[in-house]
Amino acid sequence: MFSGRQFCRPRRRVFYIFVFFICNLLFVFLCISEWGYNDLPASELNKSSDHHLDYREFISHTPERPRDLYQYNLSLSDSLGVVRKLPTTRHYRCITQPYNLPPPFESNLSVVISFHNEARSMLLRTIVSLLIRTPEDYLHELIILDDGSEDVTLLDDLKRWMGSVFWARDHLGLILRRNPRRMGLIWSRNRGASLASGYYVLFLDSHCEVNEGWLEPLLERLALNPHLAVSPLLDPIDPTTLSYRKGSELLKGGFDWSLHFHWLKRQLANHEHPEMPYQSPVFAGGVLMMSREWFLKLGSFNSFLKIWGGESIELAIKLWLCGGQIEIVPCSRIGHIFRRRHAFDFPPQFDQELSSAQETYLHNSKIIAESWLDEYKNMFYALRPAARRIPLDHTYDEMQKLRRELQCHPFEWYLRHVSSELRMHFDELSATGTLRNEDRCLHATQNDTHLILANCYRGDITQWSMLGNSGQLANQREYCLGVGFRSQIILEPCGRNESTRKSQRWMRLGTQLLHAETHMCLDNPLKDRLEMSTCRSNAASQSFQFALEMERQT
Ligand code: LR7
Ligand code: MN
């Protein structure tokens, strides 16, 4: 027996070595399949034949609709499969660096998605990307609100499909609700947040794809400051080709005095890397994540805002003014389809000069101006005179109460500490807004080729800015009024060098606009034709009034 064991030993050794190699091989294989993680569940999900409701079957129930209903390539979306591999768009350092994560029980997440008429394949891709790319421990629940979509069976079908594919995720909460009639995105998101029970809440559009590792960098930042709110960096998805591209780390969110969202250039400080989190005056669009409690304490999204637009700007202003902060975190990437046009209707408008979308946006902007801008709201009204005529069905007492309770700063503080761009624009101006001559306003046509005198209340009426130092008179697209050959009045790109600046320099004599180089005045002698002529004091045809004077005129 003894000799037998002796005999066996070398064979066992070989066996152990063999097992050791197999284990190594298995480990390497697992790692590789982990890197190609997208393909694994994708293929599983796409062929899920034994489920109660197959993926193909689910999307085949998409009702026939006009081709442009969704404003993106529907047939391509249907053919892409429920999940696809996305390019890595974050910086390589985001992948190698370790993240300091809080424990899941004090940092789990409720995701709120409200949709109106979203294609089934698109909505599903949004949801599944979340399910497979979010660490299970942290994903507390999905709250999906159908905001009165025409596809009335979608939500029930979705429930069946999710139940059959994700039945094993028994600790994942799933709340699916349908608004019996369309209530708008803002109302729905608030409802979603009121149903939520996770520690954090994330609002997401219904045509997004979250990229690998999107949550960890956000969690790490939020854990450092309970009053922080964060946005991931948005990667654009093309509506026609559905190709997923890399968004820029060098942009932050901002708005102008008309309360329109803009991307602003981000300046990197010394030793600051582009992938580091950075502060932003407003969120990167409407995708944002923050503590649910803090969101509710701030009064959620302002519930007087209608349908679509402005809610994330309003939340950003109140966050900053009431003790919070906003950061964009470039190591976290989420793709979003930026559509070229709205894919839905707005309520009928009162004002014939505005489209219904413009009127809704203006209505919401007026509420923001009245609630938060203090005396600076005059800037807004100067640029958007039509807002004065929009009726509101509430007072601002509630907002003023919230401001007092949370001891929020005045708007001046935001200009001083958060948005130097907005402040600079304010400081630079000597006058701004519409430029009125008798009952008409100076208007630059869409392509900036013609100057006309138009109805001051049309929705797109040109806003002019008279710059204090250079004397330039610029519109929002940075075209300046100049005087060219034979005293022709021209619109040209605002010049930065001395010689163009000289031909674009204007001075003000009371309400007259005197061209510095030619010493002639802007005139409208024939009621609808602008020309340069000799200055005549008290000539009504030479009187041009800005909506807002920023400095006293001599
Ligand atoms: O009545 C409606 N009810 C809805 O539920 C109208 C819209 N919606 C849904 C809609 O299906 C979509 O999921 O609301 C979402 C946003 O509407 P979009 O995608 O048609 O418009 P958008 O992409 O221009 O939305 C941007 O502006 C909105 C203003 O209210 C919100 O702030 C959106 O979050 C914002 N989206 C982004 O900035 C993209 C970032 C990705 C995210 C989240
Ligand atoms: Mn969107």
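Refer to the structure presented above.
A quick note: this is a predicted structure, and the numbers were derived from the prediction, not measured. (Residues numbered from 1 in each chain as written. Chains lettered and ligands numbered in written order. Predicted model: local features only at pLDDT ≥ 70, side-chain atom pairs only at ≥ 80, totals over all residues. Heavy atoms only, no water.)

### A closer look at the coordination of the manganese ion (ligand 2)
On the protein side, the manganese ion (ligand 2) has Asp205 (OD), His207 (NE2) and His336 (NE2) as donor atoms, found 2.2 Å from it. All donors to the manganese ion (ligand 2) come from one chain, and their sequence spacing reads D-x1-H-x128-H. Of the two residues, His207 sits in the loop between β4 (200-204) and β5 (208-210) while His336 sits in strand β11 (residues 325-337), which places them 129 residues apart along the sequence. Residues His207 and His336 agree in their burial class; the two are buried. (Donors = N, O, S within 2.8 Å, 3.2 Å for Na, K, Ca; no water. Helix = DSSP H or I, 4+ residues; strand = E, 2+ residues; numbered from the N terminus. Buried < 20%, exposed > 50% of the residue type's maximum accessible area, 1.4 Å probe, protein only.)

### Re the state of the cysteines
Applying the stated rule across the entire model yields five disulfides. One disulfide bridge connects Cys94 with Cys331, the sulfur atoms lying 2.1 Å from each other. Between Cys94 and Cys331 the disulfide shows an S-S torsion of about -75°. By sign, it is left-handed. Of this pair, Cys94 sits in helix α5 (residues 92-96) while Cys331 is found in strand β11, placing the two residues 237 residues apart along the sequence. Exposure class is identical for Cys94 and Cys331. Each is buried. The connectivity of the disulfide-linked cysteines in the protein chain, indexed sequentially, is 1-3, 2-4, 5-6, 7-8, 9-10. Its sulfur unpaired, Cys208 is 19 Å from the next cysteine sulfur, which belongs to Cys331. (Disulfide = S-S within 2.5 Å.)

### Overview of helix α7 (residues 154-165)
Taking 1.5 Å as the rise per residue, α7 with 12 residues should run 16 Å; its terminal C-alpha atoms sit 16 Å apart, in good agreement. Of all the residues in α7, the buried ones are Leu154, Leu155, Asp157, Leu158, Trp161, Met162, Ser164 and Val165. (Expected span 1.5 Å × (residues − 1).)

### Thoughts on the pairing of strand β6 (residues 228-237)
Judged by how many residues are buried, β6 sits mostly within the fold: nine of 10 residues are covered. Two strands pair when backbone bridges link them, and β6 and strand β10 (residues 288-291) are joined in this way by two bridges, in the antiparallel orientation. Bridge pairing in β10 links Ala229 to Met290. (Pairing = 2+ DSSP bridges.)

### Here's the deal with helix α14 (residues 397-405)
Among the residues making up α14, those that are buried are Met399, Leu402 and Arg403. Buried residues of α14, seen end-on, are gathered within an arc of 100° and therefore sit on one face of the element. Exposed side chains of α14 directed beyond 90 degrees from the buried face belong to Asp397, Glu398, Arg404 and Glu405. Residues of α14 that are buried sit in contact with α10 (292-297), α11 (311-321), α12 (356-372) and α15 (411-417). Residue Gln407 follows α14 closely and has a positive phi angle near 50°. (Arc of directions from axis to C-beta. Contact = heavy atoms within 4.5 Å.)

### Some points on the pattern of salt bridges
Under the definition given, this model contains 27 salt bridges. Arg93 is paired through a salt bridge with Glu275; the nearest N and O atoms lie 2.6 Å apart. Residue Arg93 is located in helix α5, and its partner Glu275 is located in the loop between β8 (261-265) and β9 (278-279); the two are separated by 182 residues in the primary sequence. Arg93 sits in the partly exposed class, given a relative accessible area of 29%. Between Asp374 and Arg403 there is a salt bridge; the shortest N-O distance is 3.1 Å. With Asp374 in the loop between α12 and α13 (377-383) and Arg403 in helix α14, this residue pair connects regions lying 29 residues apart in the sequence. One connected set of salt bridges, linked through shared partners, spans Arg120, Asp151, Asp157 and Arg160. (Salt bridge = Lys/Arg side-chain N within 4 Å of Asp/Glu carboxyl O.)

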